[in-house]
Amino acid sequence: MSYILLRERYTFWGLLVSLILAFTITPYFDEDIQSFNIFILASLVLSLMAIGTTRKRFAIGLMLGLPFLLSSIFAFITIDTIVLTSFYILGGIFFSFVIIILLKDIFSNTRVDTNCLLAAVCIYLFFAVVWFMLYGLVDLYIEDSFRIAEKVTMQTHINDLLYFSIVTLTTLGYGDITPLSPQAKSLATVEALIGQIYLTVLIARLVGLHIAESSKSIHL
């Protein structure tokens, strides 16, 4: 099977599965290996495959992804302020780039297919990842930015911030984790707005494409 055919058939499925597993399975890992999250790393590799439709895209993605990979490895070895800062910044930049490329592909697409739908779902989950990185930076440098019921270790704290990002994006708002600093509140507000606006605009776009396809079929 050629690389192009492999990418077309399985990349977006694999990317979606790896993201879901990163959110759901990570808390069950031993804390010593959670930083070196195999599912996040799988998402990185599959993201490169998803956006790498041209050499330029792949090259830029590789230049952004490799430093993030290295920071993940260092986070596996030791967790300190410099390592976490690098992890958050590099991860935020890389996944933001992936979001931009996939959004461009979706809104330039003239038809709705399986990969288009899968990419749209992946983008939604990537928003949670990017905001998790931003929350991590704020929490790292601004004291008492979040009120969390139980903060046992740094790794469980990181898991809590990822959970908070997902809950905020979906506007569930359980209230067990609360943003306290103005910066944290601002980020949470923007994430909640983006989550709702994205879904609204996306649905309108996909419905519009579906209607256009249906009209063409009728005329043919």
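Along its length, the chain carries seven helices and two strands. The secondary structure elements of the chain, listed N-terminal to C-terminal, are α-α-α-α-α-β-α-β-α. In the chain, which comprises 220 residues, the share counted as buried stands at 43%. Within the chain, contacts between residues separated by at least 24 positions form 76% of all contacts whose residues are at least 6 apart in sequence.

This part is about the nonpolar core. By size, the foremost hydrophobic cluster in this structure holds 58 residues, and its most contacted members are Phe 95, Leu 102, Phe 126, Phe 132, Met 133, Tyr 135 and Phe 146. Of all the elements in the fold, those that place two or more residues in this core are α1 (3–24), α2 (38–51), α4 (81–108), α5 (114–141), β1 (146–148), α6 (154–169) and α7 (182–219). The dominant element in this core, judged by the number of residues it contributes, is α5, at 18 residues. In this view, Met 133 contacts Phe 68, Phe 87, Tyr 88, Gly 91, Gly 92 and Phe 95; residues no more than four positions away in its chain are not counted.

Here the largest pocket defines a volume of roughly 270 Å³. Contributing to the lining of the largest pocket are 15 residues, with Arg 7, Phe 12, Asp 105, Asn 109 and Asn 115 lying nearest its centre.

A ring pair, where both rings are aromatic, is described by two values, the distance of the centres and the angle of the planes. All told, the structure shown has 11 aromatic pairs when counted by the stated rule. Relative to Phe 95, the ring of Phe 94 lies with its centre 5.1 Å away and its plane at 75°, an arrangement referred to as edge-to-face. Phe 94 sits in the buried class, given a relative accessible area of 0%. The class of Phe 95 is buried, set by a relative accessible area of 1%. The structure contains a cluster of three or more aromatic residues connected by ring pairs, namely Phe 68, Phe 87, Tyr 88, Phe 94, Phe 95, Phe 126 and Phe 132.

What follows is about the environment of Leu 202. Checked against the element boundaries, Leu 202 lands in helix α7. Sequence separation of Leu 202 and Phe 107 is 95 residues, and the distance between their C-alpha atoms is 8.9 Å. Excluding residues within four positions of it along the chain, Leu 202 makes contact with Ile 106 and Ala 120.

What follows deals with a nonpolar patch on the surface. There is a patch of nonpolar side chains on the surface, built from Leu 70, Ile 73, Phe 74 and Ile 77 and spanning about 400 Å² of accessible area. Along the chain, Leu 70 turns up in helix α3 (residues 55–77).

Put simply, α2 and α4 touch, their axes get as near as 10 Å, and they point 30° apart. Classified by the angle their axes make, α2 and α4 are roughly parallel. The two elements α2 and α4 meet at a crossing, and its hand is left-handed. Within the contact between the two elements, α2 uses Leu 44, Ser 47, Leu 48, Ala 50 and Ile 51 and α4 uses Phe 94, Phe 95, Phe 97, Val 98, Ile 101 and Leu 102. Grouping the constituent residues of the contact of α2 with α4 by class yields 10 nonpolar, one polar and no charged.

A word on the packing of α4 against α5. The N-to-C vectors of α4 and α5 enclose an angle of 155°; their axes lie 8 Å apart at closest approach. Relative to α5, α4 is oriented roughly antiparallel. Considering only the axes of α4 and α5, their crossing is left-handed. Looking at the contact of α4 with α5, its residues break down into 23 nonpolar, six polar and no charged.

Looking now at α2. The terminal C-alpha atoms of α2, which comprises 14 residues, lie 20 Å apart, in line with the 20 Å expected from a rise of 1.5 Å per residue. The element α2 is largely enclosed, with a buried count of 11 among its 14 residues.

This part is about unusual backbone geometry. Phi is positive for Asp 144, close to 55°, though the residue is something other than glycine. Structurally, Asp 144 can be placed in the loop between α5 and β1. The class for Asp 144 is exposed, based on a relative accessible area of 57%. Phi angles above zero are rare outside glycine, and Thr 171 is one such case at about 55°.

Cut-offs applied
- Residues numbered from 1 in each chain as written.
- Predicted model: local features only at pLDDT ≥ 70, side-chain atom pairs only at ≥ 80, totals over all residues.
- Heavy atoms only, no water.
- Helix = DSSP H or I, 4+ residues; strand = E, 2+ residues; numbered from the N terminus.
- Buried < 20%, exposed > 50% of the residue type's maximum accessible area, 1.4 Å probe, protein only.
- Contact = heavy atoms within 4.5 Å.
- Core = buried A, V, L, I, M, F, W, Y, C linked by side-chain atoms within 4.5 Å.
- 1 Å grid on protein atoms, 1.4 Å probe; cavity = no way out; pocket = protein on both sides within 12 Å on 5 of 7 lines; lining within 4 Å.
- Points joined across faces, edges and corners; volume = space filled by probe spheres on them.
- Phe/Tyr/Trp six-rings, centres within 6.5 Å; stacked < 30°, edge-to-face > 60°.
- Patch = residues over 30% accessible without salt bridge, like charges linked within 9 Å, V, L, I, M, F, W, Y side chains within 5 Å.
- Areas by Shrake-Rupley, 256 points an atom, 1.4 Å probe, with all protein chains shown as cover.
- Salt bridge = Lys/Arg side-chain N within 4 Å of Asp/Glu carboxyl O.
- Axes fitted to C-alpha atoms, helices over the stretch in contact; angles between N-to-C directions.
- Parallel < 35°, antiparallel > 145°, perpendicular 65-115°, else oblique.
- Left-handed = near helix turned anticlockwise from the far one by under 90°.
- Nonpolar A, V, L, I, M, F, W, Y, C, P; charged D, E, K, R; others polar.
- Expected span 1.5 Å × (residues − 1).

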